[in-house]
Amino acid sequence: MFYTSTRDSSIKITSAQAIAKGISDEGGLFVPCEIPCFSAEKIASMVDMSYIDRAKTVLREFLTDFSEEELNYCVEGAYGADKFSSPAIAPIVHIDGAKNILELWHGPTCAFKDMALQLLPYLMTVSAKKTADGKTIVILVATSGDTGKAALEGFKDVDKTKILVFYPVDGVSPMQKLQMVTQEGENVAVCAVKGNFDDAQSAVKSIFTDAEVKRRLAEKNMAFSSANSINWGRLVPQIVYYFSAYCDMIKNGSVKAGDVINAVVPTGNFGNILAAYYAKKMGLPIKKLVCASNSNNVLTDFLCTGVYDKNRRFYTTTSPSMDILISSNLERLLYHIGGNDDNFVKSLMKALSEKGKYEISKELLADIRETFDAGFAAEDEVDETIKSHFEKYGYLCDTHTAVALKVYDEYAKRTGDGTPTVIDSTASPYKFSKSVLTALNGGKSFDSDEFEMADKLFETTKAPIPAPIASLKEKAVRFTNVCGKENMSEMVFELLKI
Ligand SMILES: *Cc1c(COP(=O)(O)O)cnc(C)c1O
């Protein structure tokens, strides 16, 4: 199995090279040259497997340059040894009729990013050993909240790596900030940036490509890499849980082997839903993929009209991990749907960077819509969904999951489609206690200490508080650095002590 770039089809590299590099030199994203196919028998054979064995079965097909020992080491390290609070890793909860919630937040940071970021450090260190030269990898992250913590937790004390996380000083939730500044580990550092997420993100991107910075790192035998979802090593672990969900639904009798399902995904950077698309291409019987957005509904418009236009108002919502107007992984879908055409992708991405806008043909849109449906939920609808699902089913969900539930309800009503459906739940409600409490109380706002609000939410709902959140209360703050966005490269040297 080889990988190529969405913007240069002449590239042909191994999975280890794709993972170690992160992004292609000309700015394209790495994609598999062909997509492996699973027969119905092969899928049926996964039903009685553990999550770890299901993961090996899927990953083996994509990481053909990894030995069986290497694959075992990576997968068992990531998903073994009580790293996840649920033995199922990603359990399915049937709440009503066709609605099956896939809970992806039982990892150490209580957001779905753990599903990939627990595995990525293993994939990255094995890849680096194969492709490079004993260099220490420096993971540089700009985060709006969930990725930073999940990456810190994944890379903490991993040999031959260091991780530096920059977050916007006023741009993350109090709980997200607490999770990051109390991070343990000898190879980690966290710094607030005076600016917003875009400022931090652009500064990180320019540090990545700054020749002087790279030279100084190279002198110390270090090199940068990326832990966000442009890295293939973040996407491939996410394919696994769609197979796993299907197997669990066969096991619990929701479907029979071979039956079709739908999947509804609360979407920001298009990574999670793209993983479901790969699962479908591999033979998992998925009928529709429903892309759910919040008020930042650039993807809803694209999937309905074929016009992608980021020139619009940016909303700060109660589902901040989906507040995004440039959805990076859509580039990979455009590459595959467009017939693996690098020139086509290049022209669209050029239009996006120059005009903030592009349009695809009606024929291509029709192809996309054979698989994808889309919708969005406004803020009041998100609140209303949290409240109604708790009252009706006793099921407490976070704001991001509520977006998906609302969009699914509308999809089911509009189409009459009663196919058993997997709805991704991407964060614990306790990461967003304030918003969830406010929603349950019909809009009456809460504003007290994060832990008081978590206790209040527990009193109200009796949903258990995840241990990683409860234990934060006892943890000391380790990082109080703040820097200006123009001083981030100096901060990188300071934190790396070089
Ligand atoms: C990152 C994130 C999303 C969006 O996932 P994408 O793969 O970027 O589409 C949704 N919900 C939560 C809680 C997240 O952290």
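Preceding block: the structure.
Residues numbered from 1 in each chain as written. Predicted model: local features only at pLDDT ≥ 70, side-chain atom pairs only at ≥ 80, totals over all residues. Heavy atoms only, no water.

Peer 1: Quick question: what am I supposed to make of the layout of surface pockets here?
Peer 2: If a probe the size of a water molecule is rolled over the atoms, the empty space left behind becomes visible. Taken as a whole, the second largest pocket holds about 560 Å³ of empty space. Along the wall of the second largest pocket there are 34 residues; nearest its centre are S85, C110, P466, A467 and P468. Of all the elements in the fold, those that place two or more residues in the lining of the second largest pocket are α7 (146–155) and α21 (467–470). Of the residues contributing to the lining of the second largest pocket, the split by class is 15 nonpolar, 11 polar and eight charged. (1 Å grid on protein atoms, 1.4 Å probe; cavity = no way out; pocket = protein on both sides within 12 Å on 5 of 7 lines; lining within 4 Å. Points joined across faces, edges and corners; volume = space filled by probe spheres on them. Helix = DSSP H or I, 4+ residues; strand = E, 2+ residues; numbered from the N terminus. Nonpolar A, V, L, I, M, F, W, Y, C, P; charged D, E, K, R; others polar.)

Peer 1: What is the right way to read the sheet that holds strand β15 (residues 421–425) from this model?
Peer 2: Sheet strands pair by backbone hydrogen bonding; their relative direction is either parallel or antiparallel. With mixed pairing, the six strands of this open sheet are ordered in space as β4-β5-β15-β10-β11-β14. Of all the strands in the sheet, just β4 (92–96) and β14 (372–376) have a single pairing partner and so form its edges. With strand direction ignored, the average angle separating the axes of adjacent strands in the sheet is 25°. Two elements, strand β10 (residues 261–266) and β15, share three bridges in a ladder whose sense is parallel. Looking across to β15, one finds that A263 is bridged to V422. (Pairing = 2+ DSSP bridges. Axes fitted to C-alpha atoms, helices over the stretch in contact; angles between N-to-C directions.)

Peer 1: What is the right way to look at the side chain of T419 in this model?
Peer 2: Positionally, T419 belongs in the loop between α18 (399–415) and β15. Accessibility expressed as a relative area gives 9% for T419, which makes it buried. Engagement of the side chain of T419 in a polar contact is seen with the side chain of D417, the distance being 2.5 Å. Not counting the four nearest positions on each side in its chain, T419 is found in contact with A98, V260, I261, N262, K287 and Y408. (Buried < 20%, exposed > 50% of the residue type's maximum accessible area, 1.4 Å probe, protein only. Polar contact = N/O pair within 3.5 Å; in protein donor to acceptor, adjacent residues only side chain to side chain. Contact = heavy atoms within 4.5 Å.)

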